[in-house]
Amino acid sequence: MQSPQSLVQERLANRSWGFLGGQGYVLGMDIGSYGLRAALVNLANHTYEATHLEPEQVTGGPEQIVAATIASAQQLIAKAGAHPDHLVRIGVGFSGPVDARRGVVLVSHRMAGWEQFPLKQRVEEAFGATTLVDNDANLIALAEATFGVGSQTQHLFYLHLSSGVGGGLVLNGRLYHGATTTAGEIGHAVVGVTDPIHPRGLPGTLEQHVSIKGLLRRAAELGLDTNLLSDLFGSHPVGRQVIEETTDMLAMRLSQIVALIDPQLIVIGGVVARNGGEAFIAAIQERMRYYMASLIERPIPIAASILGYESVAIGGLALALESMDD
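The text that follows walks through the structure, step by step, so that each part is easy to find. The structure presented is a predicted model; accordingly, all values stated were derived computationally and were not measured.

What counts and how
- Residues numbered from 1 in each chain as written.
- Predicted model: local features only at pLDDT ≥ 70, side-chain atom pairs only at ≥ 80, totals over all residues.
- Heavy atoms only, no water.
- Buried < 20%, exposed > 50% of the residue type's maximum accessible area, 1.4 Å probe, protein only.
- Helix = DSSP H or I, 4+ residues; strand = E, 2+ residues; numbered from the N terminus.
- Contact = heavy atoms within 4.5 Å.
- Axes fitted to C-alpha atoms, helices over the stretch in contact; angles between N-to-C directions.
- Left-handed = near helix turned anticlockwise from the far one by under 90°.
- Nonpolar A, V, L, I, M, F, W, Y, C, P; charged D, E, K, R; others polar.
- Parallel < 35°, antiparallel > 145°, perpendicular 65-115°, else oblique.
- Polar contact = N/O pair within 3.5 Å; in protein donor to acceptor, adjacent residues only side chain to side chain.
- Pairing = 2+ DSSP bridges.

**A word on helix H6 (residues 212-221)**
- Listed in full, the buried residues belonging to H6 are Ile212, Gly214, Leu215, Leu216, Arg218 and Ala219.
- Where H6 is buried, its residues meet helix H5 (206-210), helix H7 (229-232), helix H8 (237-261) and helix H9 (271-291).
- Where H6 ends, the next residue or the one after it, glycine 223, has phi of about 105 degrees, a positive value.

Here's what the structure looks like:
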């Protein structure tokens, strides 16, 4: 399998992005739950360089986290022999809902203090370059459609399964935001009128069921007390039951998405998908046939995300490049 670096460089060499596409640098940044990352592309010679900070290397609140990400990116730019004045565009991903048009973080479901945080403003003040902000699932969707497994498609849906559950849509080759820039937040939709796991209670959301926390909580309910996802994807009968329930729930939801937007490809990524591997994705695809029986039958390819831990930063690059086409 090709590395993220080679995939990005190959695609850059075979496509141009607007009149600015042959000069300067584009920067992608990832402010996430699993560390801070930055990726830099030289548009003149198509080189790609990246850096990251592990979660334990960064402490403090939003201002400190953003400052650490900016400092890391500045070091990357200096290492490349560039100058901030050479930056053409910056794309930033955040692990939570954002208002992409204003460049403001709406909230973080995992850390207090991010409400209405002016992320675009902070980055533009630091670098003096036009900055675009989006959530992490959207940027992974765009990254995979631009540089990754979906680079030959125009219509793609991405499902992110990790500490949270999110989604991103690329339609007609462009990231789709919806009316309030929150399109794709599938994790916060309830799983049905009646919850298939707890039918006597209020219906839970998809994130409550199939996020890391949700999966481990369900395993504990059934008698398997573990903090390891690998235990769920092993041979333990409780683990098998949890994954079967998850497979069914995801297959139903993805079949509804297929009926609604008719994508060419579904991409699944995140820690849960990496633990489940090809067998997990194949099981979801097989179960979808049951829920899609009434639709015009055609195979819907489902693929694993291939850009790995750098995917959000690469999505930031893709977002910046997309804006240069406008």
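**Thoughts on the packing of helix H2 (residues 62-79) against helix H3 (residues 119-127)**
- Where H2 contacts H3, the two axes come as close as 11 Å, and the packing angle between them is 35 degrees. The hand of the H2/H3 crossing is right-handed. Across the interface between the two elements, Glu63, Val66, Ile70, Ala73, Gln74 and Ile77 of H2 pack against Leu119, Arg122, Val123, Ala126 and Phe127 of H3.
- Residues that form the contact of H2 with H3 fall into these classes: eight nonpolar, one polar and two charged.

**Here we look at the packing of H8 against H9**
- Where H8 contacts H9, the two axes come as close as 8 Å, and the packing angle between them is 60 degrees. Relative to H9, the element H8 lies oblique. Regarding H8 and H9, the two cross each other, and that crossing is right-handed. Residues Ile243, Thr246, Thr247, Asp248, Leu250, Ala251, Met252, Leu254, Ser255 and Val258 of H8 touch H9, and the partners they reach there are Phe280, Ala283, Ile284, Arg287, Met288 and Tyr291.
- In the contact of H8 with H9, the residues fall into 11 nonpolar, three polar and two charged.

**A word on the side chain of asparagine 42**
- Structurally, the position occupied by asparagine 42 is in strand S2 (residues 35-42).
- A distance of 3.4 Å separates polar atoms of two side chains, one belonging to asparagine 42 and the other to asparagine 45.
- Setting aside chain neighbours within four positions, we find asparagine 42 in contact with Gly24, Tyr25 and Thr47.

**Topic: unusual backbone geometry**
- The phi angle at histidine 46 is positive, at roughly 65 degrees, despite the residue not being glycine.
- With respect to the helices and strands, the residue histidine 46 is situated in the loop between S2 and strand S3 (47-53).
- Residue class for histidine 46 comes out partly exposed when judged on its relative accessible area of 24%.
- At aspartate 262, a position not held by glycine, the phi torsion is positive, near 55 degrees.
- Residue class for aspartate 262 comes out partly exposed when judged on its relative accessible area of 45%.

**Describing the sheet that holds strand S4 (residues 87-94)**
- Strand order across the open sheet formed by five strands is S3-S2-S1-S4-S7, with mixed pairing between neighbours. Pairing within the sheet leaves two strands with one partner each, and these edge strands are S3 and strand S7 (131-135). Ignoring which end each strand starts from, the neighbouring axes of this sheet average 15 degrees apart.
- Along the sheet, helix H4 (residues 136-146) contacts S4 and S7; its crossing angle with S7, the most-contacted strand, is approximately 105 degrees.
- Strands in contact with helix H10 (residues 311-323) are strand S1 (25-32), S2, S3, S4 and S7; relative to S1, the strand with the most contacts, it is inclined by about 135 degrees.

On their own, these measurements won't tell you what the molecule is for.
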